[in-house]
Amino acid sequence: MGAPGIRAVACASTGDTSAALAAYAAAAGVPTMVFLPAGKISNAQLSQPVSNGSIVLSLDTDFDGCMQIVKEVTADQTIYLANSMNPLRIEGQKTISIEICQQLNWDLPDWLVIPGGNLGNVSALAAGLDLLKVSGITRKSPRILLAQSANANPMYLSYKDHYKFRSVAAQTTLASAIQIGNPVSYPRAVRALQAYGGVVDQASEQELSDAAAQADRHGLFNDPHTGVALAAMLKQVANGTITRDQSVVVISTAHGLKFQEFKSGYHAGTLPGVQGKYRNQIIRLPADASSVKTALDKVLV
Ligand SMILES: Cc1ncc(COP(=O)(O)O)c(C=O)c1O
């Protein structure tokens, strides 16, 4: 272990933070423990910290409950809490802005769109933008659009109420990694939004599912959180806040393969409360060429 007296590094997670922490800590030989809400994260996410040898604690609560417990467990300072209330997480994650700038040939877009739950990501994004500014790499100051699930939307409600914060009981959402009602990085996120012309929008289950599927038709394979971001972007284009001449980067926070149940459920028509506008149903046929030709004649123009 690097720091004296630290026995392990821990986090509460809706899936991906624990996967990242477990992977990097395993590579560094640092013991980890992850606190996860039982039954609320995808199998693909769960299998990552298990494989990387983390102590995996699956608790009968939601993310906010896990957060509460991990704070209590790490209070004695011998276990480092790696969630975004501590600076290391944000410091590590702010490279997201630098990478975007680098990939755009050291330029920045007019808008950055990001899905938010615990609000560490958006805080890190702004910290990276600050760094780009002070280092003189770019003078451009993009606006940030933060996107939340309508089923877990404390930041959206706060934004609508002049940044007056009230936690909410997060309801089930397909965007399970942002099913958070009491985000620990709320104060940082408000500063980030105020510094970067922030707008906050929300997406229903229908909107996030359709937005992900619509973009998939262009060759992507979007997870539900990226769907939330895409849906928010479409709404802001529709209401004229984002104009057609502006450049936009949407931050895709996970790969669709981590949310197979979401992807296949959308096209099978089994997602609760979702009528997929971009459904693509699998055609089941007997194994003979004439049945195949007849079926193709019906679908090809
Ligand atoms: C896939 C995915 N998208 C979005 C987020 C939101 O990030 P934050 O909780 O920092 O707002 C997370 C957080 O873990 C995530 O796993």
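Residues numbered from 1 in each chain as written. Predicted model: local features only at pLDDT ≥ 70, side-chain atom pairs only at ≥ 80, totals over all residues. Heavy atoms only, no water.

K.L.:
What's the story with the site of the ligand in this structure? I'm lost.
P.N.:
Neighbouring residues of the ligand: 15 residues in total, closest D16, G117, N118, L119 and T253. With respect to the ligand, the backbone of G117 contributes an N or O atom lying 2.7 Å from an oxygen atom. Contacts to the ligand include N121, whose backbone N or O atom sits 2.8 Å from an oxygen atom. Across the complex, the protein chains shield 95% of the 390 Å² of accessible surface that the ligand would expose by itself. Every element with two or more residues in the shell around the ligand is listed here: α1 (16-28) and α6 (120-134). Its residues placed into classes, the shell around the ligand shows 5 nonpolar, 9 polar and 1 charged. (Near = heavy atom within 4 Å. Polar contact = N/O pair within 3.5 Å; in protein donor to acceptor, adjacent residues only side chain to side chain. Areas by Shrake-Rupley, 256 points an atom, 1.4 Å probe, with all protein chains shown as cover. Helix = DSSP H or I, 4+ residues; strand = E, 2+ residues; numbered from the N terminus. Nonpolar A, V, L, I, M, F, W, Y, C, P; charged D, E, K, R; others polar.)

K.L.:
Help me understand the pairing of strand β2 (residues 32-37) in this model?
P.N.:
Successive residues of a regular strand alternate their side chains across the two faces of the sheet. Among the 6 residues in β2, 6 count as buried, and that is most of the element. Bridge analysis of strand β1 (residues 8-12) against β2 gives 4 bridges, and the strand direction is parallel. Counted as the bridge partner of A12 is F35 from β2. In this view, the connection linking β1 to its parallel neighbour β2 by way of α1 has right-handed handedness. In this structure, β2 lies alongside strand β3 (residues 55-59), joined through 5 bridges in parallel fashion. Paired with P37 across the strands is L59, a residue of β3. (Buried < 20%, exposed > 50% of the residue type's maximum accessible area, 1.4 Å probe, protein only. Pairing = 2+ DSSP bridges. Right-handed = clockwise from strand over helix to strand, strands pointing away.)

K.L.:
Sorry if this is basic, but what is going on with the packing of aromatic side chains here?
P.N.:
The geometry of two aromatic rings is summed up by the distance between their centres and the angle between their planes. Here the structure, examined in full by the defined rule, presents 2 aromatic pairs. With centroids separated by 4.3 Å and ring planes inclined at 35°, the aromatic side chains of F165 and Y186 adopt a geometry described as tilted. Of this pair, F165 sits in the loop between α7 (154-160) and α8 (186-195) while Y186 sits in helix α8, and the two are 21 residues apart along the sequence. For F165, a relative accessible area of 29% corresponds to the partly exposed category. Between the NZ or CZ atom of K263 and the centre of the ring of F221, over which it lies, the distance is 4.9 Å. (Phe/Tyr/Trp six-rings, centres within 6.5 Å; stacked < 30°, edge-to-face > 60°. Lys NZ or Arg CZ within 6 Å of the ring centre and 35° of its normal.)

K.L.:
Even after reading the chapter, I still don't get the environment of G92, so can you show me in this structure?
P.N.:
Relative to the helices and strands, G92 resides in helix α4 (residues 87-93). Linking G92 and S176, residues 84 residues apart in sequence, is a C-alpha distance of 23 Å.

K.L.:
It is not clear to me how the packing of helix α9 (residues 205-216) against helix α10 (residues 224-238) should be interpreted in this structure. Could you clarify?
P.N.:
What describes two packed helices is the angle between their axes and the distance between those same axes. The contact between α9 and α10 brings their axes to 7 Å, and the two run at 95°. Classified by the interaxial angle, the pair formed by α9 and α10 is roughly perpendicular. Within the contact between the two elements, α9 uses E207, L208, A211, A212, Q214 and A215 and α10 uses P224, G227, V228, L230, A231, L234 and K235. (Axes fitted to C-alpha atoms, helices over the stretch in contact; angles between N-to-C directions. Parallel < 35°, antiparallel > 145°, perpendicular 65-115°, else oblique. Contact = heavy atoms within 4.5 Å.)

K.L.:
What am I meant to see in the domain arrangement of the chain here?
P.N.:
Think of interface size as the accessible area that goes away when the parts come together; that is how it is often given. Looking at the chain, the domain boundaries give domain 1 (8-83) and domain 2 (91-268). For domain 1 and domain 2, the distance between their C-alpha centroids amounts to 23 Å. Counting residues at the interface gives 14 residues for domain 1 and 13 residues for domain 2. Summed over both partners, the interface of domain 1 with domain 2 buries about 1,100 Å², with 48% contributed by carbon and sulfur atoms. For the interface between domain 1 and domain 2, the tally reads 6 residue pairs in polar contact (both at pLDDT 80 or more). Elements that contribute at least two residues to the side of domain 1 that touches domain 2 include exactly α1, α2 (43-51) and α3 (63-73). Here the side of domain 1 that touches domain 2 is built from residues that sort into 4 nonpolar, 6 polar and 4 charged. (Domains from an automatic or database assignment. Buried area = accessible area lost by both parts, 1.4 Å probe.)

K.L.:
Quick question: what am I supposed to make of the nonpolar core here?
P.N.:
Across soluble globular proteins, nonpolar side chains show a tendency to be buried alongside one another. In this structure, L145, V228, F262 and Y266 are the most contacted members of the largest nonpolar core, which totals 27 residues. Contacts of L145, omitting those with residues within four sequence positions, involve W111, L112, V113, I114, V199, V200, D201, A232, M233, Q236 and I242. Counting 24 residues, the second-largest nonpolar core is a separate cluster that includes I100, C101, L119 and V200. (Core = buried A, V, L, I, M, F, W, Y, C linked by side-chain atoms within 4.5 Å.)

K.L.:
Help me understand the side chain of S54, please; the structure alone is not making it clear to me.
P.N.:
Following the sequence through the fold, S54 ends up in the loop between α2 and β3. Only 2.7 Å separates the side chain of S54 from the side chain of T32, close enough to count as a polar contact. In this structure, S54 is in contact with A22, T32, M33, V34 and P49, ignoring residues within four places of it in sequence.

K.L.:
Explanation requested: the environment of G197 in the structure shown.
P.N.:
Here G197 lies in the loop between α8 and β7 (199-203). Distance from G197 to A126, taken between C-alpha atoms, is 11 Å for residues 71 residues apart in sequence. The residues touching G197, leaving out its near neighbours within four places in the chain, are R143 and I144.

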